[in-house]
Amino acid sequence: MIERWLPAAASAHACALDAVLFGIHWHMLLIFTAWLALLVVILIKFRQGANPEPRPTEARRLWPAIAIGCVVIGDAVILTTLALPAWSARIAPPPANVTPIEVRVTGEQFAWNIHYPGPDRVFGRIDNSLISASNPVGIDRDDAAARDDIGLLNILTLPVGRTIVIQLASRDVVHSFTLHEMRVKQDAMPGMTTRTWFTPTRTGDWEIACSQLCGLGHYRMRGELHVVTAAGWDQWMKDEQVRLTR
Ligand SMILES: [Cu+2]
């Protein structure tokens, strides 16, 4: 039922995170309904008309302890069966038997600079003094490893079914790299590189959002996420290489 109000779940770990969300919401709904029922019972049972004199003995029953105990047990069950397993899976590195695709994403007010290592899978040298409208990442083409590198503004193209590692940084303030459909949200911090990883399970065109209020232009810090087929990604990579030679 709640699924229809959420963005599409398009990554391998999305269902585990959604299960935590649903578990918490159903638990809260249960607590809310129980408290509401209790309130109605109390209003009727302890109304002034039926109880002209206060009877403090009524308040000493075991029921309050049982009710609070049920809430605590419910919380513990969600924590141990859903939340902790999902959290430990998210902070673990990608499985050793997969070869991830690494992409560097650097946030700045108010855009995402995206650096792909190209077919050689090695990130070439970057130099901030080379940053321009046509070279948003500042790739130094004099470096041999940088010749096939691709630097794009606000466009993240990825293949479906491959594990993606994002190396995140920021040029100015704290941003938060968000891919709703991938259930990815990770802060981009100035002065340090953070990592996040995921495996897209569906093709589609979605948004890269910034979830940290990062300045007056925060609302327009949006990029495009394109998840394409493996063949589509190979073709995209070839097209980008052709574009580099022009
Ligand atoms: Cu931002």
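Residues numbered from 1 in each chain as written. Predicted model: local features only at pLDDT ≥ 70, side-chain atom pairs only at ≥ 80, totals over all residues. Heavy atoms only, no water.

**Remarks on the coordination of the copper ion**
Next, step 1: Binding of the copper ion to the protein goes through His175 (ND1), Cys210 (SG), Cys214 (SG) and Met221 (SD), at separations of 2.1 to 2.5 Å.
Next, step 2: Taken together, the 4 donor atoms coordinating the copper ion span angles of 90 to 124 degrees at the metal, a pattern that classifies the geometry as tetrahedral.
Next, step 3: Donor residues binding the copper ion come from one chain and are separated in sequence as H-x34-C-x3-C-x6-M. Of this pair, His175 sits in strand S6 (residues 175-179) while Met221 sits in the loop between strand S9 (204-210) and strand S10 (223-228), and the two are 46 residues apart along the sequence. The pair formed by His175 and Met221 is uniform in burial state, with each residue classed as buried. (Donors = N, O, S within 2.8 Å, 3.2 Å for Na, K, Ca; no water. Tetrahedral: all angles 85-135°; square planar, octahedral: opposite > 155°, others 65-115°. Helix = DSSP H or I, 4+ residues; strand = E, 2+ residues; numbered from the N terminus. Buried < 20%, exposed > 50% of the residue type's maximum accessible area, 1.4 Å probe, protein only.)

**Comments concerning the pattern of salt bridges**
Next, step 1: Summed over the entire model, instances satisfying the criterion amount to 6 salt bridges.
Next, step 2: Glu207 serves as the salt-bridge partner of Arg222, at 2.6 Å between the closest nitrogen and oxygen. Pair noted here: Arg222 is in the loop between S9 and S10 and Glu207 is in strand S9, with a separation of 15 residues, a long-range link.
Next, step 3: For Arg222, a relative accessible area of 52% translates into the label exposed.
Next, step 4: Assessed through its relative accessible area of 25%, Glu207 is described here as partly exposed. (Salt bridge = Lys/Arg side-chain N within 4 Å of Asp/Glu carboxyl O.)

**Describing the packing of aromatic side chains**
Two measures describe an aromatic ring pair: the distance that separates the ring centres and the angle between the ring planes.
Next, step 1: Within the structure shown, the criterion is met by 3 aromatic pairs.
Next, step 2: Each member of the aromatic cluster is reached from another via a ring pair, and the members are Tyr116, Trp233 and Trp236.
Next, step 3: Of note, Arg90 hangs over the ring of Trp197, and the distance from its end group to the ring centre comes to 5.0 Å.
Next, step 4: A cation sits over an aromatic face here: Arg104 above Phe123, 4.1 Å from the ring centre. (Phe/Tyr/Trp six-rings, centres within 6.5 Å; stacked < 30°, edge-to-face > 60°. Lys NZ or Arg CZ within 6 Å of the ring centre and 35° of its normal.)

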